[in-house]
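If you want the building blocks of each chain, they are given just below.
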Amino acid sequence: MPTSASAVQENLHFLLNEIENHCQLAELFYSSHSPDLLLRMRSRRGYVQTLREKMEKECAQLIERRKPGTAFYMRVEAFRSLAHVLDSISNDFLNCLEEATLPQAYQAPASTLCHELVRRIQRSIRLVKLGMEKSHRRTGIKLGRRVQSMLSAYEEIQQVTLAAKNTLSDEQLRAALLASYCLKNIISRLAMVGEALIKADLGQVVSLQNYDHLRATASSLNYSLSDLKVRRLALTRSGSAIATISHKKKLDGEVLAVYKEGDQEKIAEEVQGVKQWRDVDPKLAPDVLSHSQPSKDTSALLIEHMPGKTLEALLLGEKNRSVAAALKALFDTLKNIWEKTHTNESCNPKFMRQLAKRLPDSSKVHPKFFTEEHNLCGYVSASFDDLVAQVEKLETSWKAPFSVLIHGDFNVDNLIYDDAAQRIYFIDLHRSSYFDYVQDISVLMVSIYRLQVLSGSTRALMMDSAKEIYLFAQRFAKRHDDKYFELRLAAGLARSFATSTRFIFDKKLASRMHLRARYLLERLAALSPDEELTFKIPLKELYFE
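A. Region of the structure containing the pattern of salt bridges. A full pass over the atoms with the stated rule returns 25 salt bridges. One salt bridge in this structure joins Lys275 and Asp279, with 3.2 Å as the shortest N-O distance. Here Asp279 and Lys275 lie together in helix 8 (residues 264–280), a separation of four residues that amounts to about one turn. What makes Lys275 partly exposed here is its relative accessible area of 48%. Three or more residues are tied together by salt bridges with common partners; here these are Glu18, Arg44 and Asp361.

B. Structural detail: helix 16 (residues 507–525). Along its 19 residues, helix 16 runs 26 Å from first to last C-alpha, staying within 8% of the 27 Å computed at 1.5 Å per residue. Here helix 16 has its buried residues at Leu509, Ala510, Arg512, Met513, His514, Arg516, Ala517, Arg518, Leu520, Leu521, Leu524 and Ala525. Capping the start of helix 16, Asp506 holds a side-chain oxygen 3.1 Å from the backbone nitrogen of Lys508, two or three residues further along.

C. Just unusual backbone geometry, in detail. In the Ramachandran plot, Lys350 falls in the positive-phi region, its phi being about 50° despite a non-glycine side chain. Assessed through its relative accessible area of 38%, Lys350 is described here as partly exposed. For Asp428, which is not glycine, the phi dihedral falls at a positive 55°. Looking at the secondary structure, you find Asp428 in the loop between strand 11 (423–426) and strand 12 (433–435). Residue classification places Asp428 among the buried residues on the basis of a relative accessible area of 15%.

D. Spatial organisation of the nonpolar core. If you look at the biggest cluster of nonpolar residues, it comprises 83 residues, and the most contacted ones within it are Leu330, Phe426, Leu493 and Tyr543. Broken down by element, the residue count for this core peaks at 10 residues, all from helix 14 (residues 456–479). Aside from chain neighbours lying at most four places away, what touches Tyr543 is Met445, Val446, Tyr449, Met463, Ala466, Lys467, Leu493 and Phe497. Within the second largest apolar cluster, 60 residues are counted, among which are Leu12, Leu16, Val118 and Leu127.

Criteria and cut-off values
- Residues numbered from 1 in each chain as written.
- Predicted model: local features only at pLDDT ≥ 70, side-chain atom pairs only at ≥ 80, totals over all residues.
- Heavy atoms only, no water.
- Salt bridge = Lys/Arg side-chain N within 4 Å of Asp/Glu carboxyl O.
- Helix = DSSP H or I, 4+ residues; strand = E, 2+ residues; numbered from the N terminus.
- Buried < 20%, exposed > 50% of the residue type's maximum accessible area, 1.4 Å probe, protein only.
- Expected span 1.5 Å × (residues − 1).
- Polar contact = N/O pair within 3.5 Å; in protein donor to acceptor, adjacent residues only side chain to side chain.
- Core = buried A, V, L, I, M, F, W, Y, C linked by side-chain atoms within 4.5 Å.
- Contact = heavy atoms within 4.5 Å.

So, in structure tokens, the structure goes:
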């Protein structure tokens, strides 16, 4: 699918949103001085790198056959520069917290000034977001003026810190000075953002960071790295780098293994998840060929390559026969897994708590969706937050009567169907746990809905597939006397529809998803105790286009 300029702007929008999240964490650090915030900042760093790499690839595709020096070429190059600068700002925020965080929390002399400076940086990021939709050049000029004022604020921070040096230990003084210097770097990079915006108005090769680690990991295949070809396979939201490894001299392009590098904790969870699933069914998940830790923060994994196509690829390719076969194999697999891992321990997925946790991110991407209450001709519609709170109280009694092993991130791109073997494989297993099976079903149904094809036979195939998944889960629930299945699924779908809007820049599709979330919440909130056991998912309303 060819890349469009809108795709570049979409990822740039998400990148700016993520930098805002960095600002909030830094702001919180200078008010609480909690060492725990460093871990949260590290966990967000990978997503920024992923977005920057996506933009790098998309920009390269856009100008591949364009003449250098044209207005379009310069505009795309400016956006690519902007992505690199924002990636550097993200890294500077991480460096700021790494320098400022000590084993014992302490209050820097200029923490109040630093807190205010971070807020000014955040306002500048918001200015850039607004400027992307209006005037790039004007925004760039405004940003340049703000930079000079913020640099003066930095000088004041340094003076206050040095004046209080006798009250600090050497370690605290060093931490305070270096952390504030990182803030100065961010301000300097904001000036570069301004320059890139002004230029925009006038106007792919795999890169895995740890070469030595890749070489050591690939040696388990009994090849020299010079004999192998590494190609980007995917870019994940968690920031993990995923690539295929094949032999350069083999003409068939057979993939030897899949290499994955990322956050140490996530990779460890992936290894554990694979073990869990292979203990249940050795053929269901890829085998771990190698697992190593090149540094204290990152790990790498060499895993078996699973043949076949993702369910997403089958749906978008409109492979009707293959989709039907894949769903049959999926249902047989899930039935066997759920029966085999069934435990009598009840669980409450607390979908509304999950929704409330992710709602701020969705609100940043689509702020007009999640508004306060409205009054229209005497009819008052509750705010989205109020609906979530109402349903949260109700769902405490909608427990699942049992627990099973679930995938935890059951999206269409994490399911692979091998047509030759007529088997389903699960990948990306770092969120696996014993939990409510409705969690996986709701995520899968919404991941199908949010595929960005809005009409035609492909969309019809997607909607029919989601309905088939619902009917399969409904039959399973009935056999196992799960009387609150429909209620939990409605809550789970509402959660996934609302939170998935943070990944959808297209206003039309995002609006459809938001309205479906609200509709489900309104239906659930209005239920009386007597109506709960007769409630049915309004499937036609949700999956009719």
